[in-house]
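These are the residues of each chain, in order.
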Amino acid sequence: MSLHLFSTPVQCTRCGTVVDDPTVDKCPTCGNLLKERRAPRRLAGVETRYGSLRTLLAVLRFLGLMVLLLGALVFFSTLGDDGGSSLNGAIVFVSSIVVAVALFALAGIFVLMMDIEENTRSSFRMQQRMLEQMEPQHTAADPLADEAAPVPPAAAH
Ligand SMILES: [Zn+2]
């Protein structure tokens, strides 16, 4: 079970219905599972960053795919040839697999780092919102707490 601190309206990716109830896991219109709300970015309402880096990573994955395809092409074109040529082809094929895996892993590391940054930013935003929500309730429950309250950051300097 997840904790629903703040309602985040979610739009169904299948039928476009906007669901406001945070406790609903499935779209009431078409029954599509609403997975989007579980992302920290959606919960905290922070924007995605590094648009250009994401494009570069897509290029990197495309290059990895191209290397793999070229290696496979060389390998299968030398299959019918004599021993030395097909051995070279096999070496090129294996090398292309290694390079492609390295490129995909590199792209994955960057995605991981961006996800961590996004999660940190979302956690900070959520923490700030929780503090903002707690502040008025605290003063309403105990009027004397105003005097004991810490100095606001703006006045601390
Ligand atoms: Zn739907």
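Residues numbered from 1 in each chain as written. Predicted model: local features only at pLDDT ≥ 70, side-chain atom pairs only at ≥ 80, totals over all residues.

Right, let's get into the overall build of the protein. What the protein contains, in helices and strands, is four helices and two strands. Reading the protein from its N end, one meets helices and strands in the order β-β-α-α-α-α. Put simply, the protein has 157 residues, and 8% of those count as buried. In the protein, the proportion of contacts linking residues at least 24 apart, taken out of those at least 6 apart, comes to 46%. (Helix = DSSP H or I, 4+ residues; strand = E, 2+ residues; numbered from the N terminus. Buried ≥ 20, exposed ≤ 12 C-beta atoms within 10 Å, placed from the backbone. Contact = placed C-beta atoms within 7 Å.)

Attention now moves to helix 2 (residues 51–77). The terminal C-alpha atoms of helix 2, which comprises 27 residues, lie 39 Å apart, in line with the 39 Å expected from a rise of 1.5 Å per residue. All of the buried residues in helix 2 are L57, G64 and G71. (Expected span 1.5 Å × (residues − 1).)

In this structure, L68 sits in helix 2. Among the residues examined, L68 registers 18 C-beta atoms within 10 Å and is labelled partly exposed. For the pair L68 and F93, spaced 25 residues apart in sequence, the C-alpha separation works out to 7.5 Å. In this view, L68 contacts S96, I97 and A100; residues no more than four positions away in its chain are not counted.

Moving on, we get to the confidence of the model for the protein. Of all residues in the protein, 78% have pLDDT values of 70 or greater, and the mean over the chain is 81. Helix 4 (residues 145–148) is the least confidently modelled element of the protein, averaging 50 in pLDDT, while helix 2 averages 94, the highest of any element. (pLDDT = per-residue confidence, 0-100.)

Structurally, the position occupied by C15 is in the loop between strand 1 (10–11) and strand 2 (18–19). On the basis of neighbour count, C15 is assigned to the exposed category, with 12 C-beta atoms found within 10 Å. Note: C-alpha distance between C15 and G31 (16 residues apart in sequence) is 9.6 Å. In this structure, C15 is in contact with C27, T29, C30 and N32, ignoring residues within four places of it in sequence.

With that settled, consider unusual backbone geometry. Of note in this structure, Y50 is not a glycine but carries a positive phi near 60°. Of note, Y50 is situated in the loop between helix 1 (40–44) and helix 2. The exposure class of Y50 is partly exposed, given the 15 C-beta atoms found within 10 Å.

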